[in-house]
Number of protein chains: 4
Amino acid sequence: MVFEKIEGLIDAPFTPFLANGDINFAPIPAYAKMLQKNGLKGVFINGSSGEGYMLTTDERKQLAEAWMSAAPEGFKVIVHMGSCCVRESRRLAEHAQAIGAWGFGAMAPPFPKIGRVEELVKYCEEIAAGAPNLPFYFYHIPAFNGAFLPMVKVLEAVDGRIPNFAGIKYTFESIYEYNQCRLYGNGKFDMLHGQDETILPSLAMGGARGGIGGTTNYNGRCLTAIIDAWKAGDLEKARSLQNYAQEVINVICHFRGNIVGGKRIMKLMGLDLGPNRTPFQNITPEEEVQLKQELDNIDFWNHCNIL
Amino acid sequence: MVFEKIEGLIDAPFTPFLANGDINFAPIPAYAKMLQKNGLKGVFINGSSGEGYMLTTDERKQLAEAWMSAAPEGFKVIVHMGSCCVRESRRLAEHAQAIGAWGFGAMAPPFPKIGRVEELVKYCEEIAAGAPNLPFYFYHIPAFNGAFLPMVKVLEAVDGRIPNFAGIKYTFESIYEYNQCRLYGNGKFDMLHGQDETILPSLAMGGARGGIGGTTNYNGRCLTAIIDAWKAGDLEKARSLQNYAQEVINVICHFRGNIVGGKRIMKLMGLDLGPNRTPFQNITPEEEVQLKQELDNIDFWNHCNIL
Amino acid sequence: MVFEKIEGLIDAPFTPFLANGDINFAPIPAYAKMLQKNGLKGVFINGSSGEGYMLTTDERKQLAEAWMSAAPEGFKVIVHMGSCCVRESRRLAEHAQAIGAWGFGAMAPPFPKIGRVEELVKYCEEIAAGAPNLPFYFYHIPAFNGAFLPMVKVLEAVDGRIPNFAGIKYTFESIYEYNQCRLYGNGKFDMLHGQDETILPSLAMGGARGGIGGTTNYNGRCLTAIIDAWKAGDLEKARSLQNYAQEVINVICHFRGNIVGGKRIMKLMGLDLGPNRTPFQNITPEEEVQLKQELDNIDFWNHCNIL
Amino acid sequence: MVFEKIEGLIDAPFTPFLANGDINFAPIPAYAKMLQKNGLKGVFINGSSGEGYMLTTDERKQLAEAWMSAAPEGFKVIVHMGSCCVRESRRLAEHAQAIGAWGFGAMAPPFPKIGRVEELVKYCEEIAAGAPNLPFYFYHIPAFNGAFLPMVKVLEAVDGRIPNFAGIKYTFESIYEYNQCRLYGNGKFDMLHGQDETILPSLAMGGARGGIGGTTNYNGRCLTAIIDAWKAGDLEKARSLQNYAQEVINVICHFRGNIVGGKRIMKLMGLDLGPNRTPFQNITPEEEVQLKQELDNIDFWNHCNIL
């Protein structure tokens, strides 16, 4: 099957929670609109930024439905359904197709830890078959699940075996491997870059065209502008924007990363998405003050996404 | 709260599946009876041997109910409900209490990987509160989830904070740390030994009294006899039995371990429990022949559990 | 102290051995000339490609002297003296200064494994003080020694403390961290890129100007041409050359990497450098045939370095 | 070749340094006498406790000679000569035989990291051949060098190939693997237990007879008494002594372990052995006060070795 390749950046949204820990569906329409306004082309929901693994199956379905309702015209909704239970993931794939999602994907399960290509391919195969008309993306993020497998071997194994395997969301440091995957089979697979700190080098190396970001939630204007500057041939501007994106990432690294620190930035921007689920350790009030200060120091409020 | 400490060995049963992948509840009554006949004192269900992480929430509940129905008088049913979703685990705890389980437990989630004691304690706290009248066991198996935390620090942190924290199922190599945990607070916590290959040394070092086994499914007579021999002061017999237990473990190590290889031994013993769930790679017919041969070589059929 | 920054690529040469395991000094003059002819600006000797850790202290000194004698006018000789024994490394630093080396450097010791910035800085400080007039480079290659430390913190710690700390040979995947180091203190440190597979992206991101290569031994013409093409504004050519460099690296990855597989390519090119030292497993004759075939398949002999 | 098996405990001594960093040979005769007085049967010098990897080759030789001179009648001197340079290790083996050492040994090199049994066996083979008349021990301490290889496979590979391979100093947590090695070939290899925290369980499991300790430097009376109590059939006493040994180990774990914290205990006992070599971070004066306090708390001065 041949699917449309993604151009531009897709956002991996956070999941809004109420103080009692239930999902808060209320902000989603405004959230979706805000993302589109800031240049994002869609959302990759229930992934790591969205604490998808920490949601019940019903919550994952409800959230998918809420994003489908909220998505503006032409705004892609891609549903992540990776879980430790392939049966549950398969059902979520069926649900994604039933509600009309644009695409779907799964990361390798963290338990049992995947050690062989065949294990991963079988896992993807069973899930991908649940939504045979939609493009399936494998979400490669080995730092989170230990599946440090060679991705070219994975592409060789799925090629001709999983008809709707569309590509990889590649969240790993190796621009070498990313490029090798991109070159595989004359570029037949859609390689979505998944590290906001290195968009520019991946454009330079490989002609990356699309990506999925996590810091795009609050820094999407800057990140999409890197691509625009590159396309316009303005390398200096692209570098300057990428350097700024790294400054923002430097800040969240002081606050337990994007899932915890980044989510709290949303509140500071005016879109309160509530706490994280256990076992994440939420930002304390003292930390929030410090976070705001560090963002002040890099003049963040004049750069960040516009509500 | 003060709970009864477990004496003897609890078995971590496999989950029987039909060829179509559904749970096969039919063998459970015979399975429970067999385990009791061979010296086991109860079951720790839905854990790693039971592919608990690979089950849907409904399946986990149904399985717990099936084991409750099948359990002979005085045979303990302990339900594992660890998952990546603390909310789902909490509900499973409530369910376990509702159906009258003897106890319950959870391992650290593999995602997000736990890096700090406080994260783990908060996770356990929320789950343990779901069944406040039952003893809660933390299941320490860091090789599976990456939670390489110091267990004495965990005991210090839960002591006085989680009222129904009963102890640890300790599946790790450090007999030093195991002993330090056992000595903590004058032995207030129930330290269940969780490595069938080293029951004897843990008896010698620490006066371990109970444990939870995985190879007890097929080698329970041998493993429980180690404890009997030790109590009777017959060190030579205890050693000889422990050496034999290691020979059996040597065999399963050639067949992807207990979850995959051990489960197939059950079929060879006459209690077919079906396949493993994806992403586990099932034993092939060729491997099964080889497995049988290796067991023949150590005269296994005269030692193993009796149906 | 302010040192000249390196422009272009430095080569990390292999150490030639005789069949009896002694160093073979004979090929070094031709080797040096060949490297210069192919665009390399100097050598970083006794490093990982040079099996420096596998040499005796006397051998390291003799080799340094041999390269100093063989180096053509303007060809930089940088001596690596990292070892587990800081005292020995210090003496090698003194020797490097005494023989007039251009610069020197050390990687973190693999034993004891470095876990804290202060340990690393103290180690570098003692060695760097042995050649106070020469630029000292820290060689960051954590995959080889486990020293996964944050490099910006290292720069902060050495800044103002180690007067002749010139920069880092950065052999790690994070172009993000590489760029952050490059930006530190308005670019005061010389950040030598150290991964031949990603020269182009590092040029795009960060204005990298120099690097140290391992595959430059046989593929230097291609690798130096990437920089030339980039400077000339010819992105397509730079990409095409970088893609080719990756094809060469794909091949050596099938033959235990550069130290083993790459060294054997030299023999196939006509410059036999002999075997590797134990515990490296040398290429077998069968493997050599296969290696040659894989290089034929990518038309290597029309691209590789010229003797 | 058949060698005497070691009975009892061998000590791994620290290397005394002067304030200027040179080796301090003066305390060695008193040190040797003290160890023998406290029940130790010999020394394993230039190992990890002795900072052997941090010594120059000449220093290693001089130290070996000093221990040979100081060793009382019947007190075994075993020389460790593992290094990253197999050639240097080989020469140290020749030297050990020349000076009449009782035995010798080597750990796996930390660089390059050993990943295959054949690499390790070849490395051992070349070194072992340097002192063909002496028993060679492989020192298994994978936490320090990353060589997590299956030891039974190593025994199978050396058996019949390295004539003077005597056994393994086993410093790893798996009492299961330790026992399997002990059982190999009807106990033909000498398996020296190498974890002071688990002497009792290894006696119980496997009939361990000898071991090499690091905390024996200051806690040798207690540790050798465990073996005596076990032999005398007094399990309660053996347990109590082992528990005490763990309390001492708990303390040094607060002070960067035996090499750093343990060495400072020697000074507090009255045998000042000076500082550690870079990159080890020496105990500060404040830490020394705290260390003394923690030892006071466990009434250490009435238990420790007698000068």
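For the structure, check the block above.
Please read all numbers here as calculations on a predicted model, not as lab measurements.

Parameters at a glance
Residues numbered from 1 in each chain as written. Chains lettered and ligands numbered in written order. Predicted model: local features only at pLDDT ≥ 70, side-chain atom pairs only at ≥ 80, totals over all residues. Heavy atoms only, no water. Helix = DSSP H or I, 4+ residues; strand = E, 2+ residues; numbered from the N terminus. Buried < 20%, exposed > 50% of the residue type's maximum accessible area, 1.4 Å probe, protein only. Contact = heavy atoms within 4.5 Å. Areas by Shrake-Rupley, 256 points an atom, 1.4 Å probe, with all protein chains shown as cover. Core = buried A, V, L, I, M, F, W, Y, C linked by side-chain atoms within 4.5 Å. Buried area = accessible area lost by both parts, 1.4 Å probe. Salt bridge = Lys/Arg side-chain N within 4 Å of Asp/Glu carboxyl O. Polar contact = N/O pair within 3.5 Å; in protein donor to acceptor, adjacent residues only side chain to side chain. Nonpolar A, V, L, I, M, F, W, Y, C, P; charged D, E, K, R; others polar. Least-squares fit on C-alpha atoms with pLDDT ≥ 70 in both. Pairing = 2+ DSSP bridges. Right-handed = clockwise from strand over helix to strand, strands pointing away. Phe/Tyr/Trp six-rings, centres within 6.5 Å; stacked < 30°, edge-to-face > 60°. Axes fitted to C-alpha atoms, helices over the stretch in contact; angles between N-to-C directions. Expected span 1.5 Å × (residues − 1).

A. Region of the structure containing the overall build of chain A. Tallying secondary structure elements over chain A gives twelve helices and eight strands in all. Taken over the C-alpha atoms alone, chain A extends approximately 50 × 50 × 35 Å along its principal axes. Relative to its 307 residues, chain A shows a buried fraction of 65%. Within chain A, residue pairs in contact and separated by at least 24 positions form 76% of the contacts whose partners lie at least 6 positions apart. By element, 52% of the accessible surface of chain A is carried by carbon and sulfur atoms, the whole surface being about 10,400 Å².

B. Main features of the nonpolar core. Of all hydrophobic cores here, the largest spans 437 residues; its most connected members are Trp67(A), Trp67(B), Trp67(C) and Trp67(D). Beyond its immediate stretch of four places on either side in the chain, Trp67(B) contacts Pro13(B), Ile28(B), Tyr31(B), Ala32(B), Leu35(B), Val43(B), Ile45(B) and Val77(B).

C. Highlighting the interface of chain B and chain A. In this assembly, 35 residues from chain B lie in contact with 35 residues from chain A. Both faces combined, the contact of chain B with chain A buries some 3,000 Å², and carbon together with sulfur accounts for 62% of it. On the chain B side of the contact with chain A, Arg87(B), Phe111(B) and Thr278(B) bury the most area, a combined 24% of that side's loss. The tally of links between chain B and chain A comes to four salt bridges. Here Arg87(A) and Asp22(B) are joined by a salt bridge, their closest N and O atoms 2.6 Å apart. Across the contact surface, chain B and chain A share eleven residue pairs in polar contact (both at pLDDT 80 or more). Within the residue set of the side of chain B that touches chain A, elements represented by two or more residues are helix H2 (57-70), helix H3 (86-98) and helix H4 (117-128) of chain B. Among the elements that line the side of chain B that touches chain A, the one with the most residues is H4(B), at five residues. Residue composition of the side of chain B that touches chain A, by class: 16 nonpolar, seven polar and twelve charged.

D. Broad picture of the interface of chain D and chain C. The interface is formed by 35 residues belonging to chain D together with 35 residues belonging to chain C. Regarding the contact of chain D and chain C, the summed buried area is about 3,000 Å², with carbon and sulfur atoms giving 62% of it. When the area that chain D buries against chain C is broken down by residue, the three leading residues are Arg87(D), Phe111(D) and Thr278(D), summing to 24%. Where chain D packs against chain C, one counts ten residue pairs in polar contact (both at pLDDT 80 or more). For the side of chain D that touches chain C, the elements supplying multiple residues, two or more each, are helix H2 (57-70), helix H3 (86-98) and helix H4 (117-128) of chain D. Considering each element in turn, the side of chain D that touches chain C owes the most residues, five residues, to H4(D). A class-by-class count of the residues in the side of chain D that touches chain C yields 16 nonpolar, seven polar and twelve charged.

E. Representation of the relation of the copies chain B and chain A in the model. With an RMSD of 0.0 Å, the fit of chain B onto chain A corresponds to turning through 180° and sliding 0.0 Å along the axis. The operation mapping one copy onto its partner corresponds to a two-fold rotation axis. No C-alpha of chain B lies nearer the rotation axis than that of Pro110(B), which sits 2.9 Å from it. With an isologous cut-off of 70% or more, the 100% of interface residues of chain B that recur at the interface of chain A puts this contact in the isologous class.

F. Spatial organisation of the arrangement of the chains. Spatially, chain B and chain C are disjoint, and the shortest separation between their C-alpha atoms is 17 Å. The two units chain A and chain D remain apart, with a minimum C-alpha distance of 17 Å.

G. Structural view of the relation of the copies chain D and chain C. The two copies are related by a screw operation: chain D maps onto chain C through 180° of rotation and 0.0 Å of translation along the axis, at an RMSD of 0.0 Å. Take the interface residues of chain D: 100% of them recur as interface residues in chain C, which is what a same-surface contact looks like.

H. The arrangement of the pairing of strand S6 (residues 165-170) of chain D in detail. Residues and elements named next belong to chain D. Counting buried positions over the six residues of S6 gives six, a clear majority of the element. When strand S5 (residues 136-140) meets S6, the two strands line up parallel, connected through five bridges. Directly across from His140, in S6, lies its bridge partner Tyr170. Relative to strand S7 (residues 190-193), S6 is paired through four bridges, and the arrangement is parallel. Paired with Lys169 across the strands is Leu192, a residue of S7. Note on the crossover from S6 through helix H7 (residues 175-183) to S7: the handedness is right-handed.

I. Quick look at the pairing of strand S4 (residues 103-107) of chain C. Residue and element names in this part refer to chain C. Across the five residues that make up S4, a large majority, five, are buried. Side-chain alternation along S4 places Gly103, Gly105 and Met107 on one buried face and Phe104 and Ala106 on a second face that is also buried. Summarising the sheet, S4 and strand S5 (residues 136-140) pair through four bridges and their orientation is parallel. Its bridge partner lying in S5, Gly105 is registered against Tyr137. For the crossover that starts at S4, traverses helix H4 (residues 117-128) and ends in the parallel S5, the hand is right-handed.

J. Expanded view of the packing of aromatic side chains. Per the counting criterion, the structure on display carries 52 aromatic pairs over all chains. Consider the rings of Tyr53(C) and Phe111(D), whose centres lie 4.9 Å apart with planes at 75°: the pair is edge-to-face. Separated into two different chains, Tyr53(C) in the loop between strand S2 (42-45) and helix H2 (57-70) and Phe111(D) in the loop between strand S4 (103-107) and H4 make up a pair that spans both. Across this residue pair, the class does not change: Tyr53(C) and Phe111(D) are buried. A ring pair is formed by Tyr184(D) and Phe189(D), whose centres lie 6.0 Å apart and whose planes are at 20°; its orientation type is stacked. In this structure an aromatic cluster arises from ring pairing among Phe104(A), Phe136(A), Phe165(A), Tyr184(A) and Phe189(A).

K. Region of interest: helix H8 (residues 199-206) of chain B. Residues and elements named next belong to chain B. For H8, the tally of buried residues reaches eight of eight residues, placing the bulk of the element in the interior. Buried within H8 are the following residues: Ile199, Leu200, Pro201, Ser202, Leu203, Ala204, Met205 and Gly206. Phi for Gly207, located one or two positions after H8, is positive at around 65°.

L. Molecular detail of the packing of helix H3 (residues 86-98) of chain A against helix H4 (residues 117-128) of chain A. Residue and element names in this part refer to chain A. Contact pair H3 / H4: the axes reach a minimum separation of 8 Å and the direction vectors enclose 35°. Each of Val86, Ser89, Arg90 and Ala93 in H3 lies in contact with H4, whose residues at this interface are Tyr123, Glu126 and Ile127. Across the contact of H3 with H4, the residue classes break down as four nonpolar, one polar and two charged.

M. The arrangement of H2(B) in detail. The end-to-end C-alpha distance of H2(B), which contains 14 residues, comes to 20 Å, matching closely the 20 Å that a straight helix rising 1.5 Å per residue would cover. Residues of H2(B) that are buried include every one of Thr57(B), Glu59(B), Arg60(B), Leu63(B), Ala64(B), Ala66(B), Trp67(B) and Ala70(B), and no others. Check the buried side of H2(B) and you find it contacts H3 of chain A together with helix H1 (28-37), strand S2 (42-45), strand S3 (76-80) and H3 of chain B.

N. Geometry of the pattern of salt bridges. Within the structure shown, the criterion is met by 72 salt bridges over all chains. Across the pair Glu288(B) and Lys267(B) runs a salt bridge, and its minimum N-O distance is 3.0 Å. In this pair, Glu288(B) is assigned in helix H12 (residues 285-297) and Lys267(B) in helix H11 (residues 257-269), connecting sequence segments 21 residues apart. A residue is classified by how much of its surface remains accessible, and Lys267(B), at 34% relative accessible area, is partly exposed. One salt bridge connects Lys153(C) with Glu156(C), and the closest N-O pair in it is separated by 3.9 Å. Here Glu156(C) and Lys153(C) lie together in helix H6 (residues 151-158), a separation of three residues that amounts to about one turn. The exposure class assigned to Lys153(C) is partly exposed, which follows from its relative accessible area of 47%. Shared partners join several salt bridges into a network, and the residues in it are Asp22(A), Glu59(A), Arg277(A) and Arg87(B).

O. Expanded view of the side chain of Glu287(B). Along the chain, the position of Glu287(B) falls in helix H12. Residues contacting Glu287(B), with those up to four places away along its chain left out, are Phe255(B), Arg256(B) and Asn282(B).

P. Focus on the environment of Val121(C). Residue and element names in this part refer to chain C. Locating Val121 in the fold gives a position in helix H4. Placed 73 residues apart in sequence, Val121 and Ser48 show a C-alpha to C-alpha distance of 21 Å. Once residues within four sequence positions are removed from consideration, Val121 is found in contact with Ala157, Val158, Arg161 and Ile162.

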